Every structure is written in structure tokens, then in C-alpha cells.
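One-letter residues, chain by chain:
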Amino acid sequence: MDEIAIRVENLSKQYRIGLTPMRYRTLRETISESFTRNGRASRAASKEEEGKIWALRDISFEVHKGQVLGIIGRNGAGKSTLLKILSRITEPTEGYAEIRGRVGSLLEVGTGFHPELSGRENIYLNGAILGMKREEIDQKFDEIVAFSEVEKFIDTPVKRFSSGMYLRLAFAVAAHLEPQILVVDEVLAVGDAEFQRKCLGKMNDVAKEGRTVLFVSHNMSAILRLTDETILLDEGRIVLRAPTPQAVDHYMASGFSQSGERTWSIDEIPSESAPFRPIALRVSDNDQRRYDRVRSTNPITIEVEYAIDAPIKGLRVGVYMQTTRGEFVFTSFDTDNAQQFENYSVRPEGHYISRCTLPPDFLNEGQYVLGINASSYRVKRYFQDENALAFSVDGAGAPGKQWPERRLGPVRPRLEWDIDVR
Amino acid sequence: MIESSAITKQEEEITLIKPSKGWGSLNLRELWIYRELVYFLTWRDLKVRYKQTALGAGWAILQPVLSMVVFSIFFGGLLNVDSGDVPYPIFSYAAILPWGVFAKALNDTGRSLVSNRAMLTKIYFPRMVIPLASVFSSLADFLIAFVVMLGLMYYYQIAPTSNIWTLPLFLLLAVITALGVGLWLSAMNVLYRDIGYMIPYITQLWFYLTPIVYSASEVPEEWQFFYALNPMVGVVEGFRWALLGTADAPSPMIGVSAVIALIVFISGMFYFRRMERTFADMV
């Protein structure tokens, strides 16, 4: 039982910023950049040695067989790069990793799904892409279909599937891949609550069967539920490896910028986000000053600054608020108001700030995490970062403060109580 | 370079992941393990194409037949290009067949990596599977178009020569050439998207350098050596020779063509393998 399943030694991965994140170049750019260091190249050069960044730096760890290890960290901390190296999609620059057993990676479900093909055809195709043999798929076919709950539509092209059905089918195929080592990245961020529950259940089964799982997520409650031990990454290095509750606390307490502002630099934005480009997320309780500590008795302003490089149809930009334990407090979008949504049915290119204000006496004292999301409903999620900014709320003057106790629950409204004597 | 070696202990695989230096090995063994994926991707290409288009498999016939009609009117009729002992339509069709495989394979493989980028960045598999699948789907079109060839031969009462058994060899030469060039272009296309725009021009120029609308014998004697450096010359003339018995039997020059095709093919595989490790970061 104490055998090593994964051994990672001094693993490093370097990206050239001129080329990355994941950006190809044209011949013209190569030629013109060799004459002048302009635009992106010079912006990148200001950061570290001649436009190179280490996405991972000297990572070493071991995972025992049957262990479920969580990996957490901010966007750009190197989590995805680590998983990509371990699942052999990209090569490390230095160091090595030794893996014992077949690796299955769920970096994204539904890879290779073709909208024109039927559910049945896609099961075979996707299975083959994930490395299953044909007989293996034949054997598990019924099980996969049953798990996905799309029996009736199995011969319909998947382009006619609802997004929920599509996801269920895609996950069903991936979940029936039986690797000794499973690498999972954020698949649970998509789909409805029911689907997420099912995915988590399946992952739990996998772990119980004694297989090794590496699980990357921003969902702290999922990490807490599924893993015993967690690695915290920051700027490509391992900050901490500890029992999960401890690692999550550490991450929530110190893993963020403390200025009440979170900004995104070019290399932190994945290329899939285009044409949406996040710039900053801010919290303040008074006019334009930013605080990492706001007072619950003041109105709290949340501001998302972003740029749009080409018009986007149906865009909504919004925020999530979570407690440090990963329970959601609320989700709100700038076009929640139907009239507003009409007005911005197509959002032209430009530089924007979407701002909202939480009423006074809304949040309880404690630590909160703000995330942002920019998406067009059912079309595309441009950008999402559920853990963009942490801030704390000071409860001085809040209702009930005469008792110095900790109040349960994330909200602390000032309610009008009537006391009737009968 | 990624090496995987199967160790007998409960068929447990040990995979060593480390940076690769210089030119790696081709690792054809792994490609063999993934042969089913080649099959499924080929099948996907065909199925999707036939599902999406109204004519479906009809395109595999319509394209070469229309080309034949146009060539026959302009080159055979108006320009009176010499087609030897056989009518011009069948003369050109015998060339359009292998050319079609070549041009389609070249086009599809060249773009294949970029159009499958979602797979490249999410899943590991030997990358060469993708251009290989593109080539196989062009062969399927060839088989369909070949039926028309049989029909034409029946119509013009031309019996295939006893050399028809060599046909698969010429086809193989066309495929190897296309795959070799395709491997180079597809890997370069990941790095420089300009390549994607160049491919149609490359194909077009190559078309004129190949005896499709004319006969290879029209090329002056002193140029023949350089002309034969183009493997497609050997392929097209070979097709006419094996099917129609027109052109001369392939001269030793076909050997030069084959060697060139093999050099391009093998160097293409090595270049592809070398570039492969950066695909996921660049595509």
C-alpha cells in the first residue's frame, strides 16, 4: 500500500512570454520582432529574464498509491501546467517525473466530441481518444449510457443535446476510463448542482477503489470533501503540503493579494478568454479608496474593470462571493436587470467598469472570497476566476454587537424586530 | 522524450517524463498501440463530411469528374493537348485519381494539427495519429473515385494492362510524398500560421509541375531529369502506364522519385517528432 505512484523531482517548466500563454506567431511577427522589440515582446521583457517565465519551478513531491491529493493555488500558480506535464501533454523544461500505472486525465470532458455525430458514435470516438480499446468500450457501453441518462437520445447528433446532456455524456465516457492514476482539473466547475454531485460521487468511488487521484480545483468544499492531503502552489512553487483543512485555511488566509484589489497581467489571462480581458477587481467601502478590510455597516462597492477587444453578444460580467470554506453567498451579474440586458445585448469593444454596491448591514464579519465570471449564457464562458480576491469584513457597529460572540451564517442583516406582548 | 516500458508486474507501466534533448526516436511502437485512434479519427472525418454535406460521398465522385470535364473541354478540345492513344477524358482522369489523393492528403494533413488543437492541448496521444488519419480519409475518397475509372474504361473499351498490380505501389508513393510534405507543413503550421495560407498555392504550383493535363513526354529531354525529381511525375505516369498502357514503362527515374519521397517522409517524421513536444504550448 505504501508504494509510490508518482514521483516528481525538481520539475520546472519555462514559457517564453512572447509565445505564451499558448500563442502562435506569424512569420511577419518573427521577422519584425527581430528588428524592433515592440508591443507584447517589450512588455513581457520587463518581467524576468528576457521575457521568460517559470510556470513551475523545482517542484518535488511523491504520491502514494491510492492517495487522493488535492492541488490548490491561484490562477497562474502552475496547477494546470503541472497536470499537463503529468498527463504528458507538454514537456517539462527541467527535472523529471516517474509515473507507475496508466494515467487518465480529465483536463476537460468531451474533448474530441463532434457535434454532428450521434451520442453512440461520440462515445466510441471519445473513448478512443482517451486511450480505451474498442472491446473495452463495447464492454462498458451500456454502463456509460446508463450513467449519462441519455438512453433515449443515444442515436441523435449531440448538437441537438442540451448542454446538461452533453456534459453528462462526456463525463460518463471519461468516468469509465479505468486508469490507475486519475488526473482531474476543474471538471466540476461546469454543470448543474445535480451533475456536480454525481461527478463528486464518482470521484469518491474512484478514490475508494484504491486508485491514485490528483485533483485540482478552486472549489474548496470539493477539495475538503475528497482529499486528505493538499499541495498549495504559488508562482510555480510548492508553498505548503499539509492535511487538506490546514492547507485550505492557509490558502484562504494568505494566498491572495491583500490590497483590496486584484489585477491581471497579460500572461495570467488564458488565450480562450479573448476578446474579453479582465483588468482588475476591487472592493471598497468608501468612495474610491480600496481596502482589504471593509466595514459591514458601510455600503461595500465591488468593481470589475475589463476590456473588450471585439463586440460580444449577450455578455454578462459578474461576481461570485464565497466564504473561505467554499460556500457560495451569492452570484450576481451586471445584466441581471432585464432592461440592462436589452441595452447591452451586444457589448461593443472598449474599456469598461461594471460596479455594484452591497447594501450596508449585509455581510457578517469574517473572510470572504470574490470571484469573477464573464460569459454569454449557454454560448461561452470567456473568463472565470472563482478565487480572485479575498477581503475581510469588520463587524464593528453591526447589529447584535453587544454580545461578543461569533454569529453563524455569512449574512448579518439589520432586521426590524417587533416584539408583541400578548 | 517520453518513454514507456511495460513491466510485467501486473502489467504496470512505468512512464518517465523528462525534457527531451535533440532529435528523438520515432517511437513507432507507441503509434502502433494507438492504431485504433487512427481508425476512429479517419472514420470521424469521413462520417462528418458525409453527414454535413447534401451530396455526401457524391463529392468524392463529382470533384474528379468535373475536373475531367473541364480539362477535356479546354486542354483536350480547345488546346488539343496530345493524349497518346487514348481519348483525352480517360487520359486526364487516370492522372486526376492519384493527384486527388495527393492534393487532399497534403491539404488536410497540413492543417490537421491546428484544426485539432482542442485535442492537442487536452489529451496525450502520439501526435502523428492526426496527420495519418487525414491521409487515410483521402484514400477512402480515392476508392470511390476509382469506381468511375472502371466505368470510363468500360465505356472506352480499354482493358487494364497486366501491369495493374503495380497500381498500389504508385498509390503508396503518392501517399508517402503527401504525408512527408504534410508532416513538415503541419508541424510548421503550428509555429507559423502563414503556412496554412501557403498550402493552396503550393498545391496549385505542384499541379502544373505534374503531368496531369498534359503528358510527361511533352517535357524536353534535357529537362526530364529535373522533372522526375517530382515524385508525382512518376506516380501519374505510372498510373497511366498500369491502367491504360499509354505512357512508357517507368524509367529508372522512378527510383529517384521514390528515394526523394522517402527522404522527405522520414525527415518529416523526425522533424514532426522534434516539434511535437512544443505543440501543446504553441498551437
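By convention here, each chain's residues receive numbers from 1 onward along its written sequence. Throughout, the order in which chains and ligands are written sets their labels, letters from A for the former and numbers from 1 for the latter. Under the rules for a predicted model, residues below a pLDDT of 70 receive no local features and side-chain atom pairs below 80 are neither given nor counted, while totals for whole chains, interfaces and linings still include all residues. Values shown for side chains rest on all heavy atoms present in the structure; no hydrogens or waters enter the calculation.

*Asks:* Run through the overall build of chain A, naming residues and quoting values.
*Replies:* Strands are runs of DSSP state E lasting at least two residues, helices are runs of H or I lasting at least four, and both sets are numbered from the N terminus onward. Looking only at helices and strands, one finds 10 helices and 20 strands in chain A. Counting all 422 residues of chain A, 52% fall into the buried class. Should any heavy atoms of two residues lie within 4.5 Å, those residues are counted as being in contact. In chain A, the proportion of contacts linking residues at least 24 apart, taken out of those at least 6 apart, comes to 71%. Total accessible area computed for chain A in this model is approximately 19,600 Å², and 49% of it derives from carbon and sulfur atoms. Buried residues are those whose accessible area, probed at 1.4 Å on protein chains only, stays under 20% of the maximum for their type, while exposed residues exceed 50% and partly exposed ones sit between those limits. For every accessible area listed, the method is Shrake-Rupley and the probe measures 1.4 Å; residues are considered covered only by the protein chains on display.

*Asks:* Please set out the packing of helix 4 (residues 88-115) of chain B against helix 6 (residues 129-155) of chain B residue by residue, giving values where relevant.
*Replies:* All names here are of chain B. Two elements in contact, helix 4 and helix 6, have axes separated by 8 Å at closest approach and are oriented at 165°. Classified by the angle between their axes, helix 4 and helix 6 sit roughly antiparallel to one another. Seen along the crossing, helix 4 lies across helix 6 with a hand that is right-handed. Axis definition: a line fitted to C-alpha atoms, over the contacting stretch in the case of helices. Angles run 0 to 180 degrees between N-to-C directions. Oblique is the label for any angle not covered by the other classes, which are roughly parallel (under 35 degrees), roughly antiparallel (over 145) and roughly perpendicular (65 to 115). Helix crossings are classified by the rotation of the near helix relative to the far one: an anticlockwise turn of less than a right angle makes the crossing left-handed, while a clockwise turn makes it right-handed.

*Asks:* Account for the interface of chain B and chain A, naming residues and giving values.
*Replies:* Interface size is often expressed as the accessible area that is lost when the parts come together. Facing the 44 residues of chain B at the interface are 51 residues of chain A. A quick way to say it: buried area is the sum, across both parts, of accessible area lost when two parts are put together, with a 1.4 Å probe. Summing the contributions of chain B and of chain A, the shared interface buries around 4,400 Å²; its carbon and sulfur component is 59%. What counts as a salt bridge is simple: a side-chain nitrogen of Lys or Arg found within 4 Å of a carboxyl oxygen of Asp or Glu. Here E121 of chain A makes a salt bridge to K47 of chain B, at a shortest N to O gap of 2.8 Å. Distance and chemistry together define a polar contact, namely a pair of N or O atoms within 3.5 Å, with one atom able to donate a hydrogen and the other to accept it when in protein, and with adjacent residues in sequence counting only for side-chain atoms on both sides. On the surface where chain B and chain A come into contact, there are six residue pairs in polar contact (both at pLDDT 80 or more).

*Asks:* Describe the sheet that holds strand 10 (residues 261-263) of chain A, and please don't skip the residues or the numbers.
*Replies:* Residues and elements named next belong to chain A. In this scheme, strands are said to pair when DSSP sees at least two bridges between them. The four strands lie next to each other as 10-11-13-18, forming an open sheet whose pairing is antiparallel. The sheet is open, and its two edges are formed by strand 10 and strand 18 (350-358), each paired on a single side. For this sheet the average axis-to-axis angle between neighbouring strands, irrespective of direction, equals 15°.

*Asks:* Lay out the pattern of salt bridges with the relevant residues and their values.
*Replies:* For the coordinates displayed, the defined rule picks out 28 salt bridges over all chains. One salt bridge connects D108 of chain B with K104 of chain B, and the closest N-O pair in it is separated by 2.4 Å. With D108 of chain B and K104 of chain B both in helix 4 and four residues apart, this pair spans about one turn of that helix. Residues joined by salt bridges that share partners form a network here, namely R282, E303, E305 and R355 of chain A.

*Asks:* Requested: an account of the confidence of the model for chain A, with residues and values cited.
*Replies:* All names here are of chain A. Summarising the model, chain A shows a mean pLDDT of 81, and 85% of its residues fall at 70 or more. Here helix 2 (residues 39-45) stands out as the least confident element of chain A, with mean pLDDT 42; strand 16 (residues 328-333) is the most confident, with 93. Taken together, the stretch residues 19-23 has pLDDT below 50 and engages in 19 contacts with residues farther than four places along the chain or on a different chain. Per residue, pLDDT measures the predictor's confidence, with a range of 0 to 100. Low pLDDT (under 50) marks residues 37-48, which in the prediction has 17 contacts with non-local residues, meaning those over four places away or in another chain.

*Asks:* I'd love a proper account of a nonpolar patch on the surface, names of residues and values included.
*Replies:* Residues and elements named next belong to chain B. A surface patch of nonpolar side chains, amounting to about 580 Å² of accessible area, comprises V69, V70, I73, F74, L78 and L79. Position of V70 among the secondary structure elements: in helix 3 (residues 58-78). On the basis of relative accessibility, which here comes to 42%, the residue V70 falls in the partly exposed class. Only residues above 30% relative accessible area that lack a salt bridge enter a patch, with like-charged residues linked at up to 9 Å and the nonpolar side chains Val, Leu, Ile, Met, Phe, Trp and Tyr linked at up to 5 Å.

*Asks:* Lay out the pairing of strand 19 (residues 366-376) of chain A with the relevant residues and their values.
*Replies:* Residue and element names in this part refer to chain A. Most of strand 19 is tucked away: nine of the 11 residues are buried. Strand direction decides the pairing type here: strand 15 (residues 315-323) and strand 19, joined by nine bridges, are antiparallel. Of the residues in strand 19, the one forming a bridge with T323 is Y368. The pairing of strand 19 with strand 20 (residues 380-394) spans 10 bridges and is classified as antiparallel. When the bridges of strand 20 are listed, Q367 appears paired with S392. The loop that links strand 19 with its antiparallel partner strand 20 comprises three residues; one of these, R378, has a positive phi angle of about 60°.

*Asks:* So what's going on with the packing of aromatic side chains? Which residues, and what values?
*Replies:* The rule is short: rings of Phe, Tyr and Trp, with Trp giving its six-membered ring, pair when the centres are within 6.5 Å, and they are stacked under 30 degrees, edge-to-face over 60, tilted in between. Using the criterion set out here, one finds 26 aromatic pairs over all chains in the structure. Taken together, a centroid distance of 6.0 Å and an interplanar angle of 70° make the contact between F71 of chain B and F75 of chain B edge-to-face. Of the two residues, F71 of chain B and F75 of chain B both sit in helix 3, four residues apart, roughly one turn of that helix. Among the residues examined, F71 of chain B registers a relative accessible area of 13% and is labelled buried. Look at Y155 of chain B and Y156 of chain B: their rings are 5.0 Å apart centre to centre, the planes differ by 85°, and that puts the pair in the edge-to-face class. On the basis of relative accessible area, Y155 of chain B is assigned to the exposed category, the value being 63%. We classify Y156 of chain B as partly exposed; its relative accessible area is 28%. Three or more aromatic residues joined by ring pairs make a cluster, and in this case those are F71, F75, W99, F102, W206, F207 and Y208 of chain B. Two conditions define a charge sitting above a ring: the NZ of Lys or the CZ of Arg must be within 6 Å of the ring centre, and it must be within 35 degrees of the ring normal. A cation over an aromatic ring shows up here: R347 of chain A above the ring of Y352 of chain A, its NZ or CZ 6.0 Å from the ring centre.

*Asks:* Tell me about the sheet that holds strand 6 (residues 181-185) of chain A, and name the residues and values.
*Replies:* All names here are of chain A. Read from one edge to the other, the open sheet built from six strands follows the order 5-6-7-3-8-9, with strand pairing classed as mixed. The sheet terminates laterally at strand 5 (103-106) and strand 9 (237-243), the two strands that pair on one side only. Each strand axis lies, on average, 15° off the axis of its neighbour in the sheet, ignoring direction. In terms of strand pairing, strand 6 meets strand 7 (residues 212-216) through five bridges, oriented parallel. From the neighbouring strand, V183 faces strand 7, where its bridge partner is L214.

*Asks:* So what's going on with the environment of A94 of chain B? Which residues, and what values?
*Replies:* Residue and element names in this part refer to chain B. By the element assignment, A94 lies in helix 4. Remark: the alpha-carbon pair of A94 and I212, spanning 118 residues in sequence, is separated by 8.5 Å. Apart from the residues lying within four places of it in its own chain, the contact partners of A94 are M149, F239, R240 and L244.

*Asks:* A description of unusual backbone geometry should follow, citing residues and the corresponding values.
*Replies:* All names here are of chain A. Of note, the bond from A274 into P275 is cis; its omega dihedral lies within 30 degrees of zero at 5°. As for its position among the elements, P275 is in the loop between strand 10 and strand 11 (276-284). Located in the positive-phi region is D361, a residue other than glycine, with phi close to 55°. Among the secondary structure elements, D361 is positioned in the loop between strand 18 and strand 19. The buried category is assigned to D361, whose relative accessible area is 16%.

*Asks:* Give me the side chain of E276 of chain B: which residues, what numbers.
*Replies:* Residues and elements named next belong to chain B. Mapped onto the secondary structure, E276 falls in helix 11 (residues 253-282). For E276, a relative accessible area of 12% corresponds to the buried category. Separated by 3.5 Å, the side chain of E276 and the backbone nitrogen of R127 make a polar contact. Within polar-contact distance, the side chain of E276 engages the side chain of R273 at 2.9 Å. The contacts of E276, once residues within four sequence positions are left out, are P126, R127 and M128.

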